Each structure stands twice: as structure tokens, then as C-alpha cells.
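Fold and geometry: a report
Here is what each chain is made of, one letter per residue.
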Amino acid sequence: MTSVRDESPWMTDETRMFRRTVRQFIETELAPHHAHWEQQGYPDSEAWLKAGKIGLLLSDVPEEYAGGGGTFAHEAVVIEELARSGVHFGFNIQSIVAHYILAYGNEEQRKRWLPALAAGELVGAVGLTEPQSGSDLQGTRTTARRDGDHYVINGSKTFITNGWQAGLICLAVRTDPKAPGPRALSLIVIETKDLSGYRVGHPLHKIGRRAQDTCELFFDEMRVPAANLLGSSEGRGLLQMMDQFRYERLSIGLSAVAAAEHAIKITADYVKERKAFGKPLMDLQNTRFKLAECKTEAHIGRVFIDNCIEQFIAGQLDSLTAAMAKYWLTDCQCRVIDECVQLHGGYGYMQETPIARMWADARVQRIYGGANEVLKEMVASSL
Ligand SMILES: Cc1cc2nc3c(=O)[nH]c(=O)nc-3n(C[C@H](O)[C@H](O)[C@H](O)COP(=O)(O)OP(=O)(O)OC[C@H]3O[C@@H](n4cnc5c(N)ncnc54)[C@H](O)[C@@H]3O)c2cc1C
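Structural notes, computed from the coordinates.

What counts, and where the lines are drawn
- Residues numbered from 1 in each chain as written.
- Predicted model: local features only at pLDDT ≥ 70, side-chain atom pairs only at ≥ 80, totals over all residues.
- Heavy atoms only, no water.
- Helix = DSSP H or I, 4+ residues; strand = E, 2+ residues; numbered from the N terminus.
- Rg over C-alpha atoms; globule rule 2.2 N^0.38 Å.
- Buried < 20%, exposed > 50% of the residue type's maximum accessible area, 1.4 Å probe, protein only.
- Contact = heavy atoms within 4.5 Å.
- Lys, Arg positive; Asp, Glu negative; His and termini not counted.
- Charge placed at Lys NZ, Arg CZ, Asp CG, Glu CD.
- Disulfide = S-S within 2.5 Å.
- Near = heavy atom within 4 Å.
- Polar contact = N/O pair within 3.5 Å; in protein donor to acceptor, adjacent residues only side chain to side chain.
- Nonpolar A, V, L, I, M, F, W, Y, C, P; charged D, E, K, R; others polar.
- Axes fitted to C-alpha atoms, helices over the stretch in contact; angles between N-to-C directions.

1. Section: the overall build of the chain
Within the chain one finds eleven helices and nine strands. By the compact-globule yardstick of 21 Å for 383 residues, the chain fits well, its C-alpha radius of gyration being 21 Å. Expressed as lengths along the three principal axes of its C-alpha atoms, the size of the chain is roughly 80 × 50 × 40 Å. Residues counted as buried form 52% of the 383 residues belonging to the chain. Counting contacts in the chain only where the partners sit at least 6 residues apart, residues at least 24 apart contribute 74% of the total. Each charge class in the chain can be summarised by its mean position, and for the 42 positive and 48 negative side chains these summaries are 3 Å apart.

Here's what the structure looks like:
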């Protein structure tokens with residue numbers, strides 16, 4: 001019987017080898033600690049250092065900045081392996097921070113921060129969302145007032161992934177309260193170690209992804225060197241974010257496909273074993289039809305995301321397609337996993353069952369990285 005393709009077209013011998021290393025690292029160094037991290041609400045800092053050592057961090061950043069020197073295909077391998085393993089480790093945020101610095105930082109900033117991010121010595125975070133403004137970034141209230149060679153920052157952020165351990169935060173701030181919306185915002189990188197006026201709240205209690213710290217951040221007359229501004233002048237923050245969202249949305253879309261594919265695999269295994277009315281659940285036509293639908297949806301998603309990845313590697317992925325990918329694929333992930341929970345019956349609702357955890361972990365994918373409704377507005381506005 002002809003099967004859907006086994007491997008993505010962007011895979012090479014090198015990324016195949018890299019996949020083996022990543023998979024083994026996740027199995028031996030991350031997965032065994034995951035339950036403990038879920039309890040404490042964040043991964044151990046040693047995990048970041050070990051991940052840095054094996055080259056899992058910043059795999060698509062040039063070697064001159066201590067990155068892996070690969071392409072997004074390397075990053076994709078890590079995203080897929082983490083999604084399949086069910087381990088939630090904020091490595092992708094680390095990459096997002098690195099790409100802000102790579103794209104808009106000057107040489108001094110790149111040399112100062114990227115090697116430490118690649119080594120896992122610094123954990124990165126992106127601070128955009130505030131208690132009063134998430135989807136509407138133009139509503140950002142955190143201010144950065146210029147005072148000599150420093151910015152004085154006041155305000156707060158919420159829901160910040162990696163927030164508990166973050167040593168380096170790419171922060172969206174309002175540098176010019178009088179400038180028209182899009183030009184009022186800038187990105188400033190803050191180094192949190194011993195930073196007076198900086199405070200982080202305890203990891204927030206989430207319904208899924210509990211091993212990954214998500215925190216509130218508070219800034220009270222926090223002084224940051226003016227040299228930490230990203231870009232050659234103030235007021236470029238919104239454009240910088242809009243451009244970098246392509247990377248983030250592509251990554252989320254890929255993790256959605258990989259999770260959906262894995263959910264189908266474990267559900268197919270389960271329904272072949274589990275019996276009802278004297279035969280395996282798999283023998284029921286409804287089970288077969290539901291899984292056929294799930295597999296087809298996931299395959300459509302796979303073809304779409306592989307195409308996006310190839311476009312991204314070629315420097316051609318546009319913001320609109322990245323938005324489509326993020327919204328459609330995360331909706332698809334949630335539909336597929338919900339069906340898979342149903343096919344597990346009561347066991348699918350038990351916390352220790354992998355599919356139940358995948359269901360809780362999946363839900364936020366439709367909310368962050370641009371709520372799916374916001375992305376649909378974006379797509380609609382192109383019509
Ligand atoms: C686990 C987790 C991790 C996160 N990590 C980070 C992080 O690392 N850094 C960071 O900065 N933020 C992070 N976020 C925040 C996330 O990006 C925001 O929650 C998201 O952007 C939505 O913003 P909001 O929560 O303020 O919702 P709101 O903006 O209040 O929107 C609520 C809902 O209203 C609807 N809506 C909003 N605007 C529109 C519109 N224009 N058209 C139609 N419908 C609309 C959508 O359904 C949306 O979900 C994280 C959130 C979570 C839950």
C-alpha cells in the first residue's frame with residue numbers, strides 16, 4: 001500500500017544525524033526530569049547548560065556567534081523531537097530571542113549575548129504581553145524614558161515564558177509616548193542579573209505545559225544602558241516584532257503538526273489494543289474513519305508546513321503565509337488531539353495518560369504567538 005511520505009523534503013544526512021543526537025538527549029537528559037520540573041514549575045538550569053553543550057540551542061545561528069551554523073531545518077528537528085516527546089522546555093523562545101538579536105543587534109550586542117544564549121548560560125525571554133494588552137501590542141504601557149546613557153523602565157509584563165530563569169529579555173517598551181502608534185515602540189534587551197528595579201513573580205499555574213515557567217515581570221525605575229536598544233534608532237519595535245513573528249509562527253505551526261502526528265500514532269496503537277464489544281476498537285468503522293480523517297488533516301498540515309519551511313530557508317516566507325500556518329495548524333492540532341482523546345475513552349481524561357497531557361498542552365497554541373482570530377483578521381485584510 002502506498003504510504004504518505006515518511007520524511008520531510010528539507011531533511012538531509014546531516015539533520016538526520018542531528019535528529020538522533022537530539023532524540024537521545026531528550027530521552028536521557030530532559031524526559032526523566034520532566035515530572036520534577038512540572039512540580040517546581042520550571043526546568044533546572046543544568047538542563048539549559050547541557051542543551052547548550054550538545055548544540056541543541058541556537059542551532060540555526062551562525063558559528064561566528066557560537067551557534068550551530070545550521071538552517072531552520074536544524075531548528076525544525078529540535079521542535080519536532082520536543083513536540084513528540086511531550087517535554088516542554090522553552091528552547092524555542094531562546095531561539096526567538098537570538099533571532100531578534102541577530103536581525104537587529106549590532107556586532108557588539110551579537111558578540112556579547114549570542115554565545116551565552118547558545119551555551120545555555122543565559123536563558124532568554126521575550127516580553128511583549130502586558131496585563132492590559134496582549135493581542136493589541138500598540139496598547140503597550142511599559143515605558144522607557146531616556147536619562148543620559150540609560151533608559152529608565154517602568155511597567156510590567158505577564159505570561160512570559162522562561163520568565164523565572166530569564167537572564168536576558170527582549171522587552172517591548174514605549175519609548176515615545178507622543179509618537180503615532182507604530183512608531184512609539186522599541187525593543188530593549190535587559191540583562192536581569194543584579195538589575196535593580198527588576199522583579200519576577202512566581203511561575204503562574206497553567207493547565208498544561210507546567211514544566212515551562214510562565215511569569216509576570218515587574219519594572220520599577222529599572223535602569224538599562226541605552227546601548228541595549230535593538231536597532232539603530234527608537235521607534236522600530238513594532239516593525240521588528242512583525243517581521244520576527246514569521247519565525248515564531250512557523251515554529252508554532254511545526255510543533256502543532258508534529259504533536260498531531262504523534263497523537264495519531266499513540267491513538268492508533270491504543271485502539272488496536274483496547275477491546276469493546278469483543279473486538280479491538282480499531283475494528284469499529286467510526287474509529288477507523290475518525291483516525292483516517294485525523295491522518296488526512298495532519299498530512300495536509302505536514303505538506304503545508306514543509307512548504308513553509310522550505311520557503312523560510314530560501315528567505316521567502318511571507319508574514320501572511322506564516323500567519324495562515326500558525327492559525328490553521330494549531331486549530332488542526334486541537335481538532336485532531338480532541339478526537340484522539342475521544343477514542344481513548346475515560347483513559348483519555350486521566351492526567352497520567354499521554355493523550356490527556358497533549359490535549360492540555362495543545363490548547364494554548366491557539367492563543368499565543370498571535371491569537372488565531374487576530375491572524376485570521378490579518379489574512380482577511382489581505383483580500
Ligand atoms: C502559556 C503562555 C505563554 C506565553 N508566552 C509569552 C511570552 O513568552 N511572551 C509574551 O510576550 N507573551 C506570552 N504569552 C502571551 C500571549 O501571547 C497572549 O496571551 C496572547 O497574545 C493573547 O493576548 P491576551 O491574553 O491579552 O488576550 P486578549 O488580547 O485579551 O484577547 C483575548 C481573545 O480575544 C480575541 N481577540 C483579540 N483580539 C482580536 C481581534 N483583533 N479580532 C478577533 N478576536 C480578537 C482572541 O480570541 C483572543 O484570544 C503567553 C501566553 C501563555 C498563555
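2. A short note on the state of the cysteines
Inspection of the entire model under this criterion finds zero disulfides. Here C308 is not disulfide-linked; the sulfur of C332 is the nearest cysteine sulfur, at 13 Å. C308 gets classed as buried once you look at its relative accessible area, which sits at 0%. Not engaged in a disulfide, the cysteine C340 finds its nearest cysteine sulfur in C294; these two sulfurs lie 4.8 Å apart.

3. Observations regarding the site of the ligand
V126, T129, S135, F159 and T161 are the nearest of the 18 residues found near the ligand. In this structure, V126 approaches the ligand through a main-chain N or O atom, which is 2.8 Å from a nitrogen atom. Between the ligand and L128, the relevant distance is 2.8 Å, taken from an oxygen atom to a main-chain nitrogen or oxygen of the residue. Taken together, the elements giving at least two residues each to the shell around the ligand come down to β1 (123-127), β3 (150-161) and α11 (372-380). Of the residues belonging to the shell around the ligand, the class tally is nine nonpolar, six polar and three charged.

4. Quick word on the environment of L317
Along the chain, L317 falls in the loop between α8 (285-313) and α9 (319-344). According to the relative accessible area criterion, L317 is buried, its value standing at 3%. Considered as a pair, L317 and Y247 are 70 residues apart in the sequence and their alpha carbons are 9.2 Å apart. Once residues within four sequence positions are removed from consideration, L317 is found in contact with R246, L250, C308, Q311, F312 and A322.

5. A short note on the packing of helix α4 (residues 72-85) against α8
As a packed pair, α4 and α8 sit with axes 10 Å apart at the nearest point and diverge in direction by 150°. Taking contact as the criterion, the partners of F72, A73, A76, E80 and R84 in α4 are, on α8, R302, I309, F312 and I313. In terms of residue class, the contact of α4 with α8 is built from six nonpolar, no polar and three charged.

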